[in-house]
Amino acid sequence: MRVVYLYPALAIWGGIERILVDKMNYLVRQYGYEVYMITSDQGQHEISFDLDERVRFIDLNVRFHQRYRYRLWRRWEVYRKMSRSYHHQLKAMLQEIAPDILVCTTVQAVRPLLRIKGNIPLVVESHMNFLHPDTWKQKLRTYLNNHWIGKTEAVVTLTNGDAEDWWRVSKHVHVMPNVVNLNKTTQFSDCTSKRVLFVGRFEEQKSIGDLFDIWQMVHHKFPDWQLDLYGEGILWNHFRQLADTLNCRIVVHEPTRHIFEVYKNSGILVLTSLYEPFGLVLPEGMSCGLPIVSFDCPHGPATIITDQEEGFLIPNRDKRLFAERLGELMADLDLRQQMGMKAIVSSQRFSEERIMPMWKKLFEQLSSLS
């Protein structure tokens, strides 16, 4: 089986990047697939995660991001030239590789791929929630994107909730949770550490401002506890500076390759996102023995956490109840440890061994039809 993945670049410490690398590594190691990753914007950046040397990495070096050097009208002309170059190179590359399956994760790429892929089955991985646009421009763009997505051979969503929306677009929707890079050691958090942990991108979606509000509600009751945040993103500097001014034991860290050691040395993991297609950090932390407190935002956390089992699932945006439940865990070591033990067991639902056979089955079904 020969599978080609398409993605802009594997250059940041992001969840999608981690998932793609883990899946490609598994396909070459366990199934002996020929796997290619074709990027457009990698350039001189190092690959963010450890990619198996058997995965054939090809960067077309288009660098779409460089169009933002130009003013609006000139930017559009440059983008058109870049797009033509990219699609010309990609078509030639696909003809040379002759893949059995083509996989992309960006909806904007679907229309041009349909024009150049020939009979190769195209799988679209949805790593974001189904869009419900507000303005007429957003509605038009979403309508056109969805029209072309409906012509692909498969749409893969992460949750049943998101799949219900995608069924309006495609008759070929499949639900597969993310493959999660779980703790593979026999060492776990004993939950005695008085550290509450957040891991994620510093962006609006993660609603870190709400987390800071919640922390200020509980900190005066638990002054010996610390809130640690790990990640990167456009709001990182803003929240690092805000943490310094609040003076309530909030520490903002840069991302680390050793995040599992951070999980194991923490006591509780929290998530305050406005929405989450999945929520990769939740099963990662659970596999290290951490109880969770998360908003029940659409759609990911509810597929991962059972309220009062592996942690607490809070009605969406109820910051006061979030603070109360977090305080309960901070005050009760036995409760943290009980939920942490359940979390370890529950996290195994998202192991490579559980999820990757589903991908293998889908690839084989699609390739037999082409």
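Shown above is the structure to which this text applies.
The next point concerns the packing of aromatic side chains. Throughout the structure, instances matching the rule amount to 12 aromatic pairs. Seen in terms of ring centroids, Trp76 and Tyr79 are 6.0 Å apart; in terms of plane orientation they differ by 35 degrees. Their pairing is tilted. Note that Trp76 and Tyr79 are positioned in helix H2 (residues 72–97) at a spacing of 3 residues, about one turn of the helix. Trp76 gets classed as partly exposed once you look at its relative accessible area, which sits at 45%. For Tyr79, a relative accessible area of 30% corresponds to the partly exposed category. For the cation-ring pair, Arg325 lies above Phe312, with the distance from its terminal atom to the ring centre recorded as 5.6 Å.

This part covers the pattern of salt bridges. Charged atoms that come close allow side chains of opposite charge to pair. Tallied over the full model, the rule gives 22 salt bridges. Its salt-bridge partner being Glu34, residue Arg56 comes within 3.9 Å of it at the nearest N-O pair. One end of the pair, Arg56, is in strand E3 (residues 56–59); the other, Glu34, is in strand E2 (residues 34–39), with 22 residues separating them in the sequence. Overall, Arg56 belongs to the partly exposed group, its relative accessible area being 42%.

The next point concerns the sheet that holds E3. Within the open sheet, the 7 strands sit side by side as E3-E2-E1-E4-E5-E6-E7. Their pairing is parallel. Unpaired on one side and paired on the other, E3 and strand E7 (173–175) mark the two borders of the sheet. Averaged over all pairs of adjacent strands, the angle between strand axes in this sheet comes to 20 degrees, irrespective of strand direction.

Attention shifts here to unusual backbone geometry. A cis amide bond links Pro298 with the next residue in sequence, His299, at an omega value of -10 degrees. Of note, His299 is situated in the loop between strand E12 (292–295) and helix H10 (301–304). Phi at Asn61 is positive, roughly 60 degrees, even though this residue is not glycine. With respect to the helices, strands and loops of the structure, Asn61 is situated in the loop between E3 and H2.

Rules and cut-offs
- Residues numbered from 1 in each chain as written.
- Predicted model: local features only at pLDDT ≥ 70, side-chain atom pairs only at ≥ 80, totals over all residues.
- Heavy atoms only, no water.
- Phe/Tyr/Trp six-rings, centres within 6.5 Å; stacked < 30°, edge-to-face > 60°.
- Helix = DSSP H or I, 4+ residues; strand = E, 2+ residues; numbered from the N terminus.
- Buried < 20%, exposed > 50% of the residue type's maximum accessible area, 1.4 Å probe, protein only.
- Lys NZ or Arg CZ within 6 Å of the ring centre and 35° of its normal.
- Salt bridge = Lys/Arg side-chain N within 4 Å of Asp/Glu carboxyl O.
- Pairing = 2+ DSSP bridges.
- Axes fitted to C-alpha atoms, helices over the stretch in contact; angles between N-to-C directions.

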